[in-house]
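Close look at the chain arrangement
Now for the letters of each chain:
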Amino acid sequence: MEFKKNILCIGAGYVGGPTMAVIALKCPGYRIEVVDINEERIREWNSDDIPIYEPGLEEIVKQVRGKNLFFTTDIAKGIKQADIIFVSVNTPTKTFGEGAGMASDLQFWEETAHIIIENANNNKIIVEKSTLPVRTAEAMERILKASNRGIQFEVVSNPEFLAEGSAIPDLLEPDRVLIGAHRTPAGREAEKEIVDLYAHWVPRENIITTNLWSSELSKLVANAFLAQRISSINAVSSLCEKTDADISEIAYAVGSDSRIGRKFLNASVGFGGSCFKKDILNLVYISRSYGLTEVADYWQMVVSMNEHQKSRFVQRIVREMFNTVAGKKIALFGFAFKANTGDTRESPAIDITKKLLEERAIVSITDPKALNNARIDLKGIDRNVLYEPDPYKAAEEASAVAIMTEWEEFKILDYERIYQSMKKPAFIFDGRNLLNHKQLYEIGFNVYPIGKTPLTHFE
Ligand code: UDX
Ligand code: ADP
């Protein structure tokens, strides 16, 4: 079959994989190839056991793989064939040198730019898909234009707003698609190509076009705003625990104001995920580099409050369990940074585990999808960690259960049975306000939710 266009996506991760699967599904006239330097990952994408767990993803991959969606490691060939190249390689926070801990590490990006130049033999549109610091497109263009081979590269920004665990519905029905391009004739032409691609399934009025820098910055700002809501409600949860106010009631009452809205007001043990912290730190770094100290400090507090929420959670566990957890078994229910994903990047459970280990607890971890990643995250420090697929076993002989992830699976467990198997007094620290606290209390647990009065059997 003749295809209308060839699309290449560099990077077969959480963003590249699902996004390309949905584009392939919705645009049968386009041939899409996804490449990665990680051969194992590509092998998995071509197998029955795809490397990412996302509800609905596997079905789509099976439908389009081998028809108009292909996973390969031949980056050079992919570049030669492509009209449009999406770049969705990882851009972690820098761990070394200038901007360490704050700025983005762009080495994978820069490497990609060089590979593109080396292999391109005709004009291309380059689409930034990974979240990047503002003005990365400029750097990319400089590298691409440094090749004097008469090839035109037009860089377009198209940030991805999908959330993990709901990637497929988010991609199928996005609130908006954002496309940023230069306000030049060539920029407009490239913009139109990408608009036409998404217009296969996204209503035109939901496709927003902006200049390149607005698009890049919008992604950072969107994530900073979402994270800021969580840090705000978490700050209030701390106040609730001192005053007998109830954080769920407050979130409901406050969120009922249509100007505020209900979403992203669930108090928790802290936000995680690969984006929030990284993107805010990026915003902080950029603001500081322009001398905007107050702006940088303002956004920095969103991250600091999140760190505080995690520390506070552990301090409370230790305090309530008679000031020591040394030698006590604590069962962590959940390790993923949120439900419906096996991803543990920046998961609050990682910090909670480390802090509990410092307190010399024995940490027993259960999670429906994230145990393999938990093992990787805790490698070298897990002498006192147990990994247990069965939550009932994880809780056996434990003194406390701490809910880390809001998996539906944890809601429907037999807590009577869990209580019977635990040491007494038995504690539950519900870091997601997931469970029915009154029922747990009646079973015999001492229950500590976030931002609510504890229910305890102590005098
Ligand atoms: C986020 C953005 O939502 C998405 O648009 C962007 O493309 C990538 O970053 P993601 O990190 O996948 O997506 O998950 P999200 O649902 O935003 O949750 C982030 C963290 O916040 C999770 O740890 C989640 O548990 C936590 N959270 C979310 C809360 O603690 N309370 C809430 O009310 C909502
Ligand atoms: P994200 O959540 O942004 O998708 P991931 O880490 O899941 O991040 O995916 C990024 C992918 O990009 C990884 O599979 C990594 O191997 C791949 N990658 C990084 N650098 C390159 C490169 N130069 N060429 C091809 N793939 C790359």
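Computed from a predicted model, the values in this text were never measured in an experiment.

With that settled, the discussion passes to the overall build of the protein. The number of helices and strands found in the protein is 18 helices and 14 strands. Relative to the globule expectation of 23 Å for 459 residues, the C-alpha radius of gyration of the protein, 24 Å, shows essentially globular dimensions. Dimensions of the protein along its principal axes, counting C-alpha atoms only, are 80 × 50 × 45 Å. Evaluated residue by residue, the protein yields a buried proportion of 47% over its 459 residues. Counting contacts in the protein only where the partners sit at least 6 residues apart, residues at least 24 apart contribute 72% of the total.

Our focus in this paragraph is the site of ligand 1. Close to ligand 1 lie 19 residues; Asn266, Ser268, Phe271, Gly273 and Cys275 are nearest. With three residues, helix α9 (residues 212–243) is the largest single contributor of residues to the shell around ligand 1. Across the shell around ligand 1, the residue classes break down as 11 nonpolar, five polar and three charged.

Bringing the sheet that holds strand β13 (residues 427–430) into the picture now. Across the sheet, which stays open at both edges, the six strands sit in the order β11-β10-β9-β12-β13-β14 with parallel pairing between neighbours. Only two strands of the sheet have a single neighbouring strand rather than two, namely β11 (385–387) and β14 (446–449). Strand-to-strand twist of the sheet, defined as the mean angle between neighbouring strand axes without regard to direction, takes the value 20°. Examined bridge by bridge, β13 and β14 share four bridges and lie parallel to one another.

Packing of helix α11 (residues 276–289) against helix α12 (residues 293–320) brings their axes to within 8 Å, and their N-to-C directions diverge by 165°. Judged by the angle between their axes, α11 and α12 are roughly antiparallel. The way α11 lies across α12 gives a crossing that is left-handed. Contacts between α11 and α12 pair Lys277, Ile280, Leu281, Leu283, Val284, Ser287 and Arg288 from the former with Thr293, Val295, Ala296, Trp299, Gln300, Val302 and Val303 from the latter. A per-class count over the contact of α11 with α12 returns nine nonpolar, three polar and two charged.

This part is about unusual backbone geometry. With an omega of -5°, the peptide bond between Lys424 and Pro425 qualifies as cis. Along the chain, the position of Pro425 falls in the loop between α17 (415–421) and β13. The residue Phe264 is not glycine, and still its phi comes out positive at about 60°. Residue placement: Phe264 occurs in the loop between α10 (247–255) and α11. For Asn323, which is not glycine, the phi dihedral falls at a positive 65°. Along the polypeptide, Asn323 turns up in the loop between α12 and β9 (329–333).

With that out of the way, let us pick up the nonpolar core. Counting 71 residues, the largest nonpolar core has Ile330, Leu332, Ala400 and Ala402 as the members making the most contacts within it. Counting only domains with at least three residues in this core, you end up with domain 2 (220–301) and domain 3 (305–449). Ignoring any residue separated from it by four or fewer positions in sequence, one finds Ala402 in contact with Ile317, Ile330, Leu332, Phe333, Phe429 and Gly431. Membership of the second largest hydrophobic core comes to 60 residues, among which are Leu8, Ile52, Val64 and Leu106.

A word on the pairing of β9. Extensive coverage of β9 is indicated by the burial of five of its five residues. Neither face of β9 is open: one carries Lys329, Ala331 and Phe333, the other Ile330 and Leu332, and all of them are buried. Relative to strand β10 (residues 362–366), β9 runs parallel, the two sharing five bridges. Bridge pairing in β10 places Ile330 opposite Val363. Crossover handedness for the path β9 to helix α13 (residues 348–358) to β10: right-handed. By the bridge criterion, four bridges tie β9 to strand β12 (residues 400–403) in an arrangement that is parallel. When the bridges of β12 are listed, Leu332 appears paired with Ala402.

With that settled, consider the domain arrangement of the protein. Per the domain assignment, the segments of the protein are domain 1 (5–202), domain 2 (220–301) and domain 3 (305–449). The gap between the C-alpha centroids of domain 1 and domain 3 is 37 Å. Across the boundary between the two partners, domain 1 contributes five residues, which contact seven residues of domain 3. Among the residues making up the side of domain 1 that touches domain 3, the classes are represented as three nonpolar, one polar and one charged.

This brings us to the packing of α12 against α13. Between α12 and α13, whose axes approach to 10 Å, the crossing angle comes to 40°. By the angle class used here, α12 and α13 are oblique. Crossing geometry of α12 relative to α13 is assigned as right-handed. Facing α12, whose interface residues are Lys310, Phe313 and Val314, α13 presents Pro348, Asp351, Ile352, Lys355 and Leu356. Here the contact of α12 with α13 is composed, by residue class, of five nonpolar, no polar and three charged.

Thresholds, definitions, all that
Residues numbered from 1 in each chain as written. Chains lettered and ligands numbered in written order. Predicted model: local features only at pLDDT ≥ 70, side-chain atom pairs only at ≥ 80, totals over all residues. Helix = DSSP H or I, 4+ residues; strand = E, 2+ residues; numbered from the N terminus. Rg over C-alpha atoms; globule rule 2.2 N^0.38 Å. Buried ≥ 20, exposed ≤ 12 C-beta atoms within 10 Å, placed from the backbone. Contact = placed C-beta atoms within 7 Å. Near = placed C-beta within 6 Å. Nonpolar A, V, L, I, M, F, W, Y, C, P; charged D, E, K, R; others polar. Pairing = 2+ DSSP bridges. Axes fitted to C-alpha atoms, helices over the stretch in contact; angles between N-to-C directions. Parallel < 35°, antiparallel > 145°, perpendicular 65-115°, else oblique. Left-handed = near helix turned anticlockwise from the far one by under 90°. Core = buried A, V, L, I, M, F, W, Y, C linked by C-beta atoms within 7 Å. Domains from an automatic or database assignment. Right-handed = clockwise from strand over helix to strand, strands pointing away.

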